[in-house]
Amino acid sequence: MLDLCGGKLLEEAILMNLNFLRRGAVFVLAILFFMTTQAFAAETVTLDIEQAVQMALRNSRAIEQAAWNREASKEELSAARRSSGLNFRWSTSANRIGGNSYYSAREARAQAITVHNAYLLGLVANDMDPSQYPLYENEFSNGLTLSIPLYTGGRLENQREAARYRLNSADLELESVRQQVRYQAQAACYEYLQRRDLIYVWEQALITTKEHLDQVQIRYDVGTVAYSDLLASEVELANQQQSLVTAQGNFQKAMQSLNNIIGLPVDTFLDLKGDLQEFSFELPNLESCTDYALRYRPDSIADEYNVKRVEANREATKAANRPTVNAVASSNFSGERAFRKNHSETWALGLNLEWNIFDNGVTNAQVRQLDAQVQAAKSQAEQTKETVTLEVYQAYTDLISAEQNIGTTKIAVSKAEEDYHIAQIRYIEGVDTNLAVTDAQEKLT
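A few points on the structure. For clarity, every value in this text was computed on a predicted model and none was experimentally measured.

## What to know about the nonpolar core
Working step 1: Formed by 40 residues in total, the largest nonpolar core has its most connected members in L47, Y192, L258, I262, L270 and L272.
Working step 2: Secondary structure elements with two or more residues in this core: β1 (44-48), α2 (49-59), α3 (61-82), α5 (155-221), α6 (227-262), β4 (269-273), α9 (362-428) and α10 (434-444).
Working step 3: Among the elements that make up this core, the one with the highest residue count is α5 (12 residues).
Working step 4: Beyond its immediate stretch of four places on either side in the chain, I262 contacts L47, A52, M55, A56, N59 and L270.

Written as structure tokens, this is what we have:
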């Protein structure tokens, strides 16, 4: 009886020492893993979730692209507004000219030269200046035109409307991208925290498995269990080690993804502050959430502006069937040399009317094309509303389910811990199998 009691005490002392050594070895391995990770990382950055989100908003390529698209839409509206103002054009040309049309002018110049030479010799009393008679060998022409549209049949007005709606859509698209980037950054942060915590979970599972393997080893050494129990426990330990390595790899990938989203080099080691915690939400009913999303989701509102933009483009295209009236002032002059007026000079001031009476149905075909685009834009807007409604319903359902599952899982974890301890005791006492312990441990993990 004393030998039996002494043996049990010795066995418990050995188990305690082994457990202590195993825990220390696992934690040393974990520390070495993170030290190795940091050694190969280019830099270590410490930040919290909100700081990560702000970095993502500053460094996002998607936001940068949306911002430039918004700037392009702004300039498009500026161009549409300026198209109804004054327009000043200058045209010029330089040509070598000749032909019978200039015969009389050249004869007059030749006569003037003859008279001038005779005057210089004192043969005639009256002189003629050859410079007053152009040679008409070269011609430099210039034209200046100042115009302003008075009536365009609604073309310019509707182009301005379309550009304004496009800018409204670009503003909303930029806001939508900002919201998406914020969501992606937060999701990546929580993915990081989850993967980090899963490493701890598998470390604890590995410790538990090693403890059980040591118990099996002792019982096998004294001949109270079969060799198959020892093999099964060793296989389970190998599986747990593989799971830990996989968890560590998944954590590295989550860190790399977060680095990419917030604009850091992918090999940066992140020390993200924070923990996964349970939150309580006071939500209104599902209908109120859906109505709110349909009113304020930027992607849904942007589609509505897109419908108005296409409609305005259609009205601008219809204007091609109407006349246009411009006020025009012009001046044209030409000469032997650039900017000279010794050949001709004219000016005009008045109104210019143009009316494309027949274009073989081109404008009507373009209007029908835009009619189809209007219907497509309306269908897209309705589809977006349906998608928004679906996303709200699914998010609402997921949130309610998650809140319920948290409470259920707490109970399940508590019962799994109790079940595992009972299975351990029953196995040590020899009244249960190794498989029961392994199954209870798997459920606990």
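## Re the pairing of strand β5 (residues 324-335)
Working step 1: Alignment of strand β3 (residues 138-151) against β5, held across 11 bridges, turns out to be antiparallel. Paired with F140 across the two strands is G335, which belongs to β5.

## Some words on the side chain of T268
Working step 1: Here T268 is to be found in the loop between α6 and β4.
Working step 2: Within polar-contact distance, the side chain of T268 engages the backbone oxygen of P265 at 2.9 Å.

## Side note on the environment of I406
Working step 1: Its place among the elements puts I406 in helix α9.
Working step 2: Since its relative accessible area comes to 32%, I406 is described here as partly exposed.
Working step 3: Taking C-alpha positions, I406 is 8.0 Å from E278, a pair spaced 128 residues apart along the chain.

## Quick word on the pattern of salt bridges
Working step 1: Taken as a whole and assessed by the stated rule, the structure comprises 20 salt bridges.
Working step 2: Among the ionic pairs, E278 bridges to K410, the shortest N-O distance being 2.9 Å. With a gap of 132 residues between them, E278 in the loop between β4 and α7 (286-296) and K410 in helix α9 connect regions that are remote in the sequence.
Working step 3: Given a relative accessible area of 47%, E278 falls into the partly exposed group.

## Brief notes about the packing of α3 against α5
Working step 1: It is at 8 Å that the axes of α3 and α5 come closest, and there the two elements cross at 170°. The orientation of α3 with respect to α5, classified from their angle, is roughly antiparallel. The hand of the α3/α5 crossing is left-handed. Across from A62, I63, A66, A67, N69, R70, S73, K74, E76, L77, A80 and R81 in α3, the residues of α5 making contact are Q159, R160, A163, R164, R166, L167, A170, D171, L174, V177, R178 and V181.
Working step 2: Residues of the contact of α3 with α5, tallied by class, amount to 12 nonpolar, 3 polar and 9 charged.

## Focus on unusual backbone geometry
Working step 1: The backbone of Y136 sits at a positive phi, close to 55°, despite the residue not being glycine.
Working step 2: The residue Y136 is located in the loop between α4 (103-121) and β3 in this model.
Working step 3: Residues other than glycine seldom take positive phi values, yet N360 does so here, at roughly 65°.
Working step 4: Here N360 shows up in the loop between β6 (344-354) and α9.
Working step 5: Judged by its relative accessible area of 63%, N360 falls in the exposed class.

## Here's the deal with the packing of aromatic side chains
Working step 1: If you walk through the whole model with that rule in mind, you get 6 aromatic pairs.
Working step 2: On the numbers, 6.4 Å between centres and 25° between planes, the contact of W90 with F339 is stacked. With a gap of 249 residues between them, W90 in strand β2 (residues 87-96) and F339 in the loop between β5 and β6 connect regions that are remote in the sequence. The pair formed by W90 and F339 is uniform in burial state, with each residue classed as exposed.
Working step 3: Geometrically, the ring pair formed by Y192 and F251 is tilted, given 5.0 Å between the ring centres and 55° between the ring planes. Of the two residues, Y192 is situated in helix α5 and F251 in helix α6; the sequence distance between them amounts to 59 residues.
Working step 4: Taking relative accessible area as the criterion, F251 reaches 1% and is therefore assigned buried.
Working step 5: In this structure, R164 packs its charged tip against the face of Y165, placed 5.9 Å from the ring centre.
Working step 6: Against the face of F333 rests K341, its NZ or CZ located 5.3 Å from the ring centre.

Rules of the game
Residues numbered from 1 in each chain as written. Predicted model: local features only at pLDDT ≥ 70, side-chain atom pairs only at ≥ 80, totals over all residues. Heavy atoms only, no water. Core = buried A, V, L, I, M, F, W, Y, C linked by side-chain atoms within 4.5 Å. Buried < 20%, exposed > 50% of the residue type's maximum accessible area, 1.4 Å probe, protein only. Helix = DSSP H or I, 4+ residues; strand = E, 2+ residues; numbered from the N terminus. Contact = heavy atoms within 4.5 Å. Pairing = 2+ DSSP bridges. Polar contact = N/O pair within 3.5 Å; in protein donor to acceptor, adjacent residues only side chain to side chain. Salt bridge = Lys/Arg side-chain N within 4 Å of Asp/Glu carboxyl O. Axes fitted to C-alpha atoms, helices over the stretch in contact; angles between N-to-C directions. Parallel < 35°, antiparallel > 145°, perpendicular 65-115°, else oblique. Left-handed = near helix turned anticlockwise from the far one by under 90°. Nonpolar A, V, L, I, M, F, W, Y, C, P; charged D, E, K, R; others polar. Phe/Tyr/Trp six-rings, centres within 6.5 Å; stacked < 30°, edge-to-face > 60°. Lys NZ or Arg CZ within 6 Å of the ring centre and 35° of its normal.

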